[in-house]
Structure formats: C-alpha cells, structure tokens
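# Understanding the architecture of this molecule
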Amino acid sequence: MTGPEALPDNPGEVFADSAYRGNHFCDAVRAKGGIARIVATGMWGRDEQETLRKLKEWNQPIHRVRGRIEKIFGTWKRCYGLRRMRWRGLAKAAVQVHLTAIAYNLKRTMNILAALA
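Our subject in this report is the structure included herewith. (Residues numbered from 1 in each chain as written. Predicted model: local features only at pLDDT ≥ 70, side-chain atom pairs only at ≥ 80, totals over all residues. Heavy atoms only, no water.)

Taken together, the side chains of W87, V95, L99, I102 and L106 define a hydrophobic patch exposed on the protein surface, amounting to about 480 Å² of accessible area. Looking at the secondary structure, you find I102 in helix 3 (residues 90–116). For I102, a relative accessible area of 48% corresponds to the partly exposed category. (Patch = residues over 30% accessible without salt bridge, like charges linked within 9 Å, V, L, I, M, F, W, Y side chains within 5 Å. Areas by Shrake-Rupley, 256 points an atom, 1.4 Å probe, with all protein chains shown as cover. Salt bridge = Lys/Arg side-chain N within 4 Å of Asp/Glu carboxyl O. Helix = DSSP H or I, 4+ residues; strand = E, 2+ residues; numbered from the N terminus. Buried < 20%, exposed > 50% of the residue type's maximum accessible area, 1.4 Å probe, protein only.)

This is the structure we're talking about:
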C-alpha cells in the first residue's frame, strides 16, 4: 500500500519533502483529518528578501522535525544494512525493519545508560 491510502485515520501533522507537494497528497491528508507540512522549494513575491524570509520561516520547523527522523534512517542504512532488503516480500521486509529498529533502540539505550553512569 502506497500513497494517500497508506495514511492512517487522524494522522496529525504529516511531514514530507517537496516530492509530495501537490493537491493529490495534501487533499488526502486533509480528508483523513491531518495537516500537511511539506517543504516549500520556492515562493512568489515582489520583495525578494521578504519572500526568502517567509520561505525560511515555513521550512524551518519542518526541517527540524525531518532532520531528527532522517538521521535515524541514515544510521539504519549506514550501520545496520538497510541499503537493501535481505528478504523478498512486504511481510519479510517489515520484519527486517522492525528487527533493525529493535537493535538500534537497544544500542541507543545502552549508550544513554553508559553516559548516565
């Protein structure tokens, strides 16, 4: 399942990159009761400085949230072998992602506990 039908009911804020910009995705998020927070790549305006300020003001909170999430995905790809799926099929791929998440969380927990000691 991909696209708008993959959205849960009442998703809250949905953060996405500019590839999801457009009415199809935004309307689907609104129809499920959510708010689309999608990165803007450009804006129109007469005053260039004012337009750039508005663009930065819109993107800053989105980048803050997405940066935290993308960092984890990058670690999974770099350190836990998620550049490729080991098994075929959606169910088996989901198992691999869940096992990776468990391993990541265990290692992170151990690092946090070691720092506190």
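That shown, we press on.
The next thing to look at is the pairing of strand 1 (residues 13–16). Residues V14 and A16 line the buried face of strand 1, whereas the alternating positions E13 and F15 sit on a face that is not buried. Pairing analysis gives four bridges linking strand 1 to strand 2 (residues 35–38), with the strands arranged parallel. Pairing of V14 across the sheet is with A36, part of strand 2. The β-α-β motif built from strand 1, the intervening helix 1 (residues 23–31) and the parallel element strand 2 has right-handed crossover chirality. (Pairing = 2+ DSSP bridges. Right-handed = clockwise from strand over helix to strand, strands pointing away.)

With that settled, the discussion passes to helix 1. Residues of helix 1 that are buried: F25, C26, A28 and V29. The buried residues of helix 1 occupy an angular sector of 160 degrees when the element is viewed end-on, so they sit on one face. Away from its buried face, by an angle of more than 90 degrees, helix 1 presents the exposed residues N23, H24, R30 and A31. Lining the buried residues of helix 1 we find strand 1 and strand 2. Downstream of helix 1 by a residue or two, G33 has a phi angle that is positive, lying close to 95 degrees. (Arc of directions from axis to C-beta. Contact = heavy atoms within 4.5 Å.)

One pass over the full model with this rule turns up four aromatic pairs. For the pair F73 and W76, a centre-to-centre distance of 5.6 Å together with 65 degrees between the ring planes defines the contact as edge-to-face. You can see F73 and its partner W76 sitting in helix 2 (residues 48–79), three residues apart, about one turn around the helix. Classification of F73 by relative accessible area gives partly exposed; the value is 40%. (Phe/Tyr/Trp six-rings, centres within 6.5 Å; stacked < 30°, edge-to-face > 60°.)

One finds L7, V14, A16, F25, C26, A28, V29, A36 and I38 forming the largest nonpolar core, which totals nine residues. Those elements giving two or more residues to this core turn out to be strand 1, helix 1 and strand 2. No other element matches helix 1, which puts four residues into this core. Those residues within four positions of V14 in sequence are excluded, and the remaining contacts are L7, F25, V29, I35, A36 and R37. (Core = buried A, V, L, I, M, F, W, Y, C linked by side-chain atoms within 4.5 Å.)

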